[in-house]
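A structural walkthrough
Residue-level listing of the chains:
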Amino acid sequence: MHNLGTVFSFEFLRTVKKKVFWISILLFPVMIAAIAAIAYTSGKATDEALKESQSEKFSLAIVDESGVVSPQLIEAFGATVKPDREAGVTAVKSGQVDAFFYFPSDISKNPVEIYAQDAGMFDNSKYDAVAKLLLEQSVSSSVSESVKAILQGNITTNTVTYKDGVEFDGIKTMIIPGIFLVLFYFVIAMFGNQMLNSTVEEKENRVIEMLLTSVETRTLIIGKILALIVLGLVQVLLILIPTILGYLLLKDQLSLPSLDLASLTFDWGRIAAGFAIFVLSFLFFTGLLVTIGASVPTAKEAGPFIGAVMLLIFGPLYAASLFVSNPEAGIVQFLSYFPLTAPIPLLLRNAIGNLQPHEALISLGILLVCTVLVVNLAVRVFRYGALEYSRKLSFKEILGKN
Amino acid sequence: MTKAIISVDHFTMKFGDTTVIDDLSFEVRRGETFGLLGSNGSGKTTTIRALLGAYIPTAGKLTINGKPYRVDGSVRLGYLPEERGLYKKESVIDTMVYFGRLKGMSARDARAWSQQYLERVELGDKAGIRLDKLSGGQQQKVQLGITVMNNPELLILDEPTKGFDPVNRRLLMDIIEEHQKKGATAIYITHQMEEVERLCDRILLLKNGNAAAYGTVKEVKKKYGGKSLDDIFVEIYGGRDNA
């Protein structure tokens, strides 16, 4: 491993020296904050506009065949009562009133009909809001506060669960192991392309032949992989630190949910498993992407492969509900053990607590073996594909070299 | 007789059904400048790539200092390949220091040597500039500098003047002569016969993967009735395109 440190420091420094590295990383939490701020501001403005439109006065006619709407409320709203639906609709059409509400005899089965002057797509919602308000207030005046809360869905629960006789909160236990799932997602999504291109560049630049007479292929590949791993960790820290700081500083302003760090439960076994799965998965996919990069002549030709790899990594997310509800299912077991799909199922199942220790050990073993194999393959492909400037190496050629 | 630094012994190289080199044997002696000559496709680059471990020979043995070449620092090699390039988005000095360190120099020595070399080739003010901002000729100077970093004991130059402008060609010749004086061994792969006459002690002319002529320049000329190397080249390769 002569020159490993030289390769590592060159690969690491030339990436962190680039402005685009810092821009892409720092832009991420900024974008998340911006999206949250836009969503919050937009939601707030919408609520305010809705309240404003609901408080706007409009002339109203009513036919209540249900008998639910309180006559006092009809009077308070200044609504006129029409003899039948046709009369109400005619009054709206002629411009005599702004809106007409028809409450059918059985409002549990038939919809409340609203006929009204068009006030614009957004402001038309005020008619629906007032119709519902009439019904709610009519009913709530005759029931207790508790019944009112039940009907409005304003009931909260407080659950205490026990495991082996000790109080146990599954949600709080899954937060820390779950962080590894989120980290893996971000690191691969943001770094995959760089992994793929890290070996293509030398071929594209025609620097490879000079390079390989100065450094061993294995040293070069391992140095590159180590640099990518450290860069990935730097990236994670640079995303996490501003995100945590942003959360702490803007939690109240953005009405973000409060996270009581002191109440988090630390299941060290699951945290260790999550860390090991994260590290090995990251190593495995780094090796895989470097191998793909080494086997193609240009970055352009490497492009389609990243899509296929991303599909394999993140495709299992579509079966996420199955990982939670039926971890014994054959498809879940397959996706958990097959190295190309394993990271998401393993990290997710470890976070929710249904990954058994023996499953974790077997899958980690598989990932470890595959990582060693794929790094060796990357060295082989790079060595023999290095001088193929204009064509891809076939699988047969890679395996056929002695 | 001077001991051989390079030995190629019954070397055969096949790509699929095509035999590029067929049972080739020759030696390069320590301290000499050896011309490896031949028309396009005659197997010159293949021989060098096999010597440097990029290709695995179908048969035969290729050694430097008595053993197959390995990048372990035991041979101070300066190699200028036919297919050459640099890290385009890195600065001149960072690239030179990187290669200097890979060749066994300390970062400080590599930086100092690079700066001195860049001053010599009038690129002293370009050290911090990205390589893709340099002209083609300036990039060639940097490549040449990288090739001769760390005082190589063995220089392998594969068509070194290919694409070089006259200024860089002169620079290259000067540098090769400097290293000759220091006792370095050089393999010079080309089909520019005037350069061969000026620089080489012994030559090998490859034809169809075999040695068509092998010996000192004087011996080869004598064998062909005192003709110039240009005429010998034309005689050996006949009507083939040798551009």
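Residues numbered from 1 in each chain as written. Chains lettered and ligands numbered in written order. Predicted model: local features only at pLDDT ≥ 70, side-chain atom pairs only at ≥ 80, totals over all residues.

1. A closer look at the overall build of chain A
Each helix and strand counted, chain A has 17 helices and six strands in total. Here the C-alpha radius of gyration of chain A, 31 Å, is well above what a compact globule of 402 residues would show, namely 21 Å. By principal-axis analysis of the C-alpha atoms, chain A measures approximately 95 × 55 × 40 Å. When each of the 402 residues of chain A is scored for burial, the buried share is 32%. (Helix = DSSP H or I, 4+ residues; strand = E, 2+ residues; numbered from the N terminus. Rg over C-alpha atoms; globule rule 2.2 N^0.38 Å. Buried ≥ 20, exposed ≤ 12 C-beta atoms within 10 Å, placed from the backbone.)

2. Thoughts on helix α7 (residues 170–197) of chain A
The end-to-end C-alpha separation of α7 of chain A is 41 Å, in line with the 40 Å expected for 28 residues at 1.5 Å each. Where α7 of chain A bends most, at Phe 191 of chain A, the angle is about 55 degrees. (Expected span 1.5 Å × (residues − 1). Bend = angle between axes of the 7 residues up to and from the residue.)

3. A look at the environment of Pro 68 of chain B
Residues and elements named next belong to chain B. Residue position: Pro 68 is located in the loop between β4 (59–64) and β5 (77–80). Look at Pro 68 and you get partly exposed, because 14 C-beta atoms sit within 10 Å. C-alpha of Pro 68 to C-alpha of Ser 7: the two residues are 61 residues apart in sequence and 9.6 Å apart in space. The residues contacting Pro 68, other than those within four sequence positions of it, are Gly 53, Leu 62 and Thr 63. (Contact = placed C-beta atoms within 7 Å.)

4. Here we look at the sheet that holds β5 of chain B
All names here are of chain B. The strand order across the open sheet built from six strands is β5-β6-β7-β3-β8-β9, with neighbouring strands paired in mixed fashion. The open sheet has two edge strands with one neighbour each: β5 and β9 (210–216). Put simply, the sheet's adjacent strands are angled 10 degrees from each other on average, direction ignored. (Pairing = 2+ DSSP bridges. Axes fitted to C-alpha atoms, helices over the stretch in contact; angles between N-to-C directions.)

5. Structural notes on unusual backbone geometry
Residue and element names in this part refer to chain B. In this structure, Asn 65 is a non-glycine residue whose phi angle is positive, near 55 degrees. Within the secondary structure layout, Asn 65 lies in the loop between β4 and β5. Asn 65 sits in the partly exposed class, given 15 other C-beta atoms within 10 Å. A positive phi angle is found at Asn 208, which is not glycine, with a value near 50 degrees. Summarising the element assignment, Asn 208 is placed in the loop between β8 (202–207) and β9. On the neighbour-count criterion, Asn 208 (14 C-beta atoms within 10 Å) is partly exposed.

6. Overview of the domain arrangement of chain B
All names here are of chain B. You can read the domains of chain B as domain 1 (1–75 + 153–243) and domain 2 (84–152). Between the C-alpha centres of domain 1 and domain 2 there is a distance of 26 Å. If you look at the interface, domain 1 gives 13 residues, while domain 2 gives eight residues. Sorting the residues of the side of domain 1 that touches domain 2 by element identifies β6 (154–158) and α5 (166–181) as the ones contributing at least two each. Considering each element in turn, the side of domain 1 that touches domain 2 owes the most residues, six residues, to α5. When grouped by side-chain class, the residues that make up the side of domain 1 that touches domain 2 number eight nonpolar, three polar and two charged. (Domains from an automatic or database assignment. Nonpolar A, V, L, I, M, F, W, Y, C, P; charged D, E, K, R; others polar.)

7. Quick notes on helix α1 (residues 44–51) of chain B
Residue and element names in this part refer to chain B. The element α1 is extensively covered by neighbouring structure, given that eight of its eight residues are classed as buried. Every buried residue of α1 is accounted for by Lys 44, Thr 45, Thr 46, Thr 47, Ile 48, Arg 49, Ala 50 and Leu 51. Just past α1, the residue Gly 53 takes up positive phi, approximately 85 degrees.

8. Examining the interface of chain A and chain B
At the junction of the two partners, chain A supplies 19 residues and chain B supplies 23 residues. Every element with two or more residues in the side of chain A that touches chain B is listed here: α1 (4–16) and α9 (208–212) of chain A. By residue class, the composition of the side of chain A that touches chain B is eight nonpolar, seven polar and four charged.

9. Observations concerning the environment of Leu 355 of chain A
All names here are of chain A. Mapping Leu 355 onto the fold places it in the loop between α15 (343–352) and α16 (357–385). In sequence terms Leu 355 and Gly 223 are 132 residues apart; their C-alpha atoms lie 33 Å from each other. Those residues in contact with Leu 355 that lie beyond four places of it in its chain are Ala 273, Leu 346, Arg 349, Asn 350 and Ala 360.

10. As for the domain arrangement of chain A
What the domain assignment lists for chain A is domain 1 (58–151) and domain 2 (170–253 + 260–400). Distance from the C-alpha centre of domain 1 of chain A to the C-alpha centre of domain 2 of chain A: 58 Å.

11. Some thoughts on the packing of helix α4 (residues 136–147) of chain B against α5 of chain B
All names here are of chain B. Running from N to C, α4 and α5 point in directions that differ by 10 degrees, and their axes come no closer than 10 Å. Judged by the inter-axis angle, α4 sits roughly parallel to α5. Contact with α4, carried on its side by Gly 137, Gln 140, Lys 141 and Leu 144, involves Val 167, Asn 168, Leu 171, Leu 172 and Ile 175 of α5 and no other residues of that element. When the residues that make up the contact of α4 with α5 are grouped by side-chain class, the tally is five nonpolar, three polar and one charged. (Parallel < 35°, antiparallel > 145°, perpendicular 65-115°, else oblique.)

12. A closer look at the sheet that holds β4 of chain B
Residues and elements named next belong to chain B. Spatial strand order, β2-β1-β4: three strands in an open sheet with antiparallel pairing. Of all strands in the sheet, those bounded by a partner on one side alone are β2 (18–29) and β4. Along the sheet, successive strands turn relative to each other by an average axial angle of 15 degrees, direction set aside. Bridging between strand β1 (residues 4–15) and β2 involves eight bridges; their strand directions are antiparallel. Bridge pairing in β2 links Ser 7 to Glu 27. Relative to β1, α1 is tilted by about 115 degrees, and along the sheet it contacts β1, β2 and β4.

13. Quick word on the nonpolar core
Grouped together as the largest cluster of nonpolar side chains are 133 residues, with contacts concentrated most on Phe 184, Ile 221, Leu 347 and Ala 378 of chain A together with Leu 51, Ile 187 and Tyr 188 of chain B. Of all the elements, helix α11 (residues 268–295) of chain A adds the most residues to this core, at 13 residues. Setting aside chain neighbours within four positions, we find Phe 184 of chain A in contact with Phe 278, Ser 281, Phe 282, Pro 343 and Leu 347 of chain A. The next biggest cluster of nonpolar side chains, apart from the first, holds 16 residues, and it includes Leu 60, Ala 61, Phe 100 and Val 130 of chain A. (Core = buried A, V, L, I, M, F, W, Y, C linked by C-beta atoms within 7 Å.)

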